[in-house]
Amino acid sequence: MPELPEVETVRYDLNKSLSGFQIKDISCNTTKILQPSLKEVIKHTKGLTISSFNRKAKLLIVELNKDWNFLIHLKMSGRLLIRDPGGVEDRWTRVIIALERKGIIKELRFADQRKFGYIKLIKKEELSDILSNYGPEPFADLSLQIFTKILKSSRRAIKKVLMDQVLISGIGNIYANDALFLAKIHPETSANYLNQNQIKNLFEAIEEVLKRGLKYRGASDNSYLDAFGKKGQYQEHFLVYGKNKENCPNCGSVIQKIVVGGRGTFYCPKCQLQERK
DNA sequence: AGTGCGACCTGATCGC
DNA sequence: TGCGATCAGGTCGCAC
């Protein structure tokens, strides 16, 4: 679930709340989530201070004041929670990072029902190599011109292209569905079949749905919670995602569910006409 | 090379 | 009611 708007919401709040905090201790009850190992991570990071929280695509980057970064991926069910020690329990807590700043003690907890997510300690110098595997970032380096080039170079279904992190950063299943609806494009249309007008509409639709996601602090259709343990609200504003058999908000037709790239895909058969596979 | 698909996990929900 | 099957979706590794 966590896509660009969800990860960005978490990043923003963590950056505001936990920058300048020092790592006092770390615990972990699910070995593979904390990499390379609890022992190694403690050895290199105990006593370091968090400089800032950054983001690339759906990846959260915690910059420490020495030569280290944490890379955190929430995958489907991961949560990062700011808590007071001894306060509420969070189900599925896997890693706890104990933090302190000017006598204030906080915990950053990583909770993940399905254990797909991870916290990985890397050397700062490894970062640019890792980030080079991700495409341009919407609102930053993805321009209409670059977007056009990306679509022209692939015959794959447009929805798969939108969700391919190598080509474009940050778009997942929810926002891909809603952006294609907003642009009135069928999700299985070949990317390189779209004309310039459609490309422009889609480019603008992507920015629009991501902006809505950010405005509503993410979509909590399933397990997503923000850094304070609160739900986002974008699920109240879904256009077609998850609305199988409901009526199209635009024309009233019945929304269809198909599978594209192994993912549930929702569209209006009237507004988003199939053009070419 | 480009593409597609199963595996990784768990819990909620569905169907019989 | 109870139990097994199915579904959810981000990314990696492998197969064609």
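Quick caveat, the model's predicted, so the values are computed rather than measured. Residue numbers here run from 1 along each chain, matching the order of that chain's written sequence. For naming, the first written chain is A and the first written ligand is 1, with later ones following in the order written. Residue-level local features of this predicted model are given only where pLDDT is at least 70; pairs of side-chain atoms are given and counted only at 80 or more, and the full residue set underlies all totals for whole chains, interfaces and linings. The side-chain figures draw on all heavy atoms in the structure; neither hydrogens nor water molecules are used.

### Concerning unusual backbone geometry
Residue Gln35 is joined to Pro36 through a cis peptide bond whose omega torsion reads 0 degrees. Numbering of helices and strands runs from the N terminus; a helix is a DSSP stretch of H or I covering at least four residues, while a strand is a stretch of E covering at least two. Relative to the helices and strands, Pro36 resides in the loop between β2 (34-35) and α2 (38-45). Not every positive phi belongs to a glycine, and Lys115 is a case in point at roughly 60 degrees. Relative to the assigned elements, Lys115 resides in the loop between β8 (104-112) and β9 (118-123). By relative accessible area, Lys115 is classed as partly exposed at 35%. Positive phi is not limited to glycine here, since Lys184 has a value of about 55 degrees. Remark: exposure states derive from per-residue accessible area (1.4 Å probe, protein chains only) relative to the maximum for the residue type, with buried under 20%, exposed over 50%, and partly exposed in between. Judged by its relative accessible area of 45%, Lys184 is partly exposed.

### Topic: the sheet that holds β9
Ordered in space as β2-β9-β5-β4-β3, the five strands form an open sheet in which the pairing is mixed. With partners counted over all chains shown, the strands left at the sheet margins are β2 and β3 (50-56), one partner each. Pairing between strand β4 (residues 59-64) and strand β5 (residues 68-73): five bridges, direction antiparallel. Pairing of Val62 across the sheet is with Phe70, part of β5. Two residues form a contact once any of their heavy atoms are found within 4.5 Å. The convention used is that axes are lines fitted to C-alpha atoms, helices contributing only their stretch in contact, and that angles between N-to-C directions extend from 0 to 180 degrees. Together, β3 and β4 form the strand contacts of helix α1 (residues 4-18), whose direction differs from that of β3 by roughly 170 degrees. Across the face of the sheet, α2 comes into contact with β2, β4, β5 and β9 while running at roughly 50 degrees to β9. Whether two strands pair comes down to DSSP finding at least two bridges between them.

### Quick notes on α1
Taking 1.5 Å as the rise per residue, α1 with 15 residues should run 21 Å; its terminal C-alpha atoms sit 20 Å apart, in good agreement. With 11 of its 15 residues buried, α1 lies for the most part within the structure. Listed in full, the buried residues belonging to α1 are Leu4, Pro5, Glu6, Val7, Glu8, Thr9, Val10, Arg11, Asp13, Leu14 and Leu18. Once α1 finishes, Gly20 follows within two positions and takes phi at roughly 90 degrees, a positive value. A helix is expected to span 1.5 Å for every residue after the first.

### Quick look at the domain arrangement of chain A
Per the domain assignment, the segments making up chain A are domain 1 (4-131) and domain 2 (144-267). For the domain bounds, the source is a domain assignment made automatically or taken from a database. Between the C-alpha centres of domain 1 and domain 2 the distance comes to 29 Å. Between domain 1 and domain 2, the contact holds 19 residues from the first and 19 residues from the second. A simple way to read buried area is as the amount of 1.4 Å-probe accessible surface that goes missing from two parts once joined, with both sides added. Note on domain 1 versus domain 2: buried area summed over both sides is about 1600 Å², and carbon and sulfur give 61% of it. Each salt bridge in this description consists of a side-chain nitrogen of Lys or Arg and a carboxyl oxygen of Asp or Glu lying within 4 Å of one another. The interface formed by domain 1 and domain 2 holds one salt bridge in total.

### Concerning the pairing of β3
Among the seven residues in β3, five count as buried, and that is most of the element. For β3 and β4, the ladder comprises six bridges, and the chain directions are antiparallel. From the neighbouring strand, Phe53 faces β4, where its bridge partner is Val62.

### A short note on the packing of aromatic side chains
The aromatic pairing rule takes the rings of Phe, Tyr and Trp, using the six-membered ring of Trp, and pairs them if the centres are within 6.5 Å, calling planes under 30 degrees apart stacked, those over 60 edge-to-face and the rest tilted. Tallying each qualifying case throughout the model produces five aromatic pairs. Considering the side-chain rings of Tyr175 and Tyr234, the 5.1 Å spacing of their centres and the 20 degrees angle between planes classify their relative orientation as stacked. With a gap of 59 residues between them, Tyr175 in helix α6 (residues 173-182) and Tyr234 in the loop between α7 (196-215) and β10 (256-260) connect regions that are remote in the sequence. Residue classification places Tyr175 among the buried residues on the basis of a relative accessible area of 1%. Assessed through its relative accessible area of 0%, Tyr234 is described here as buried. Considering the side-chain rings of Phe238 and Tyr241, the 5.0 Å spacing of their centres and the 80 degrees angle between planes classify their relative orientation as edge-to-face. For Phe238, a relative accessible area of 9% corresponds to the buried category. Ring pairs connect the aromatic residues Tyr175, Tyr234, Phe238, Tyr241 and Phe266, which therefore count as one cluster.

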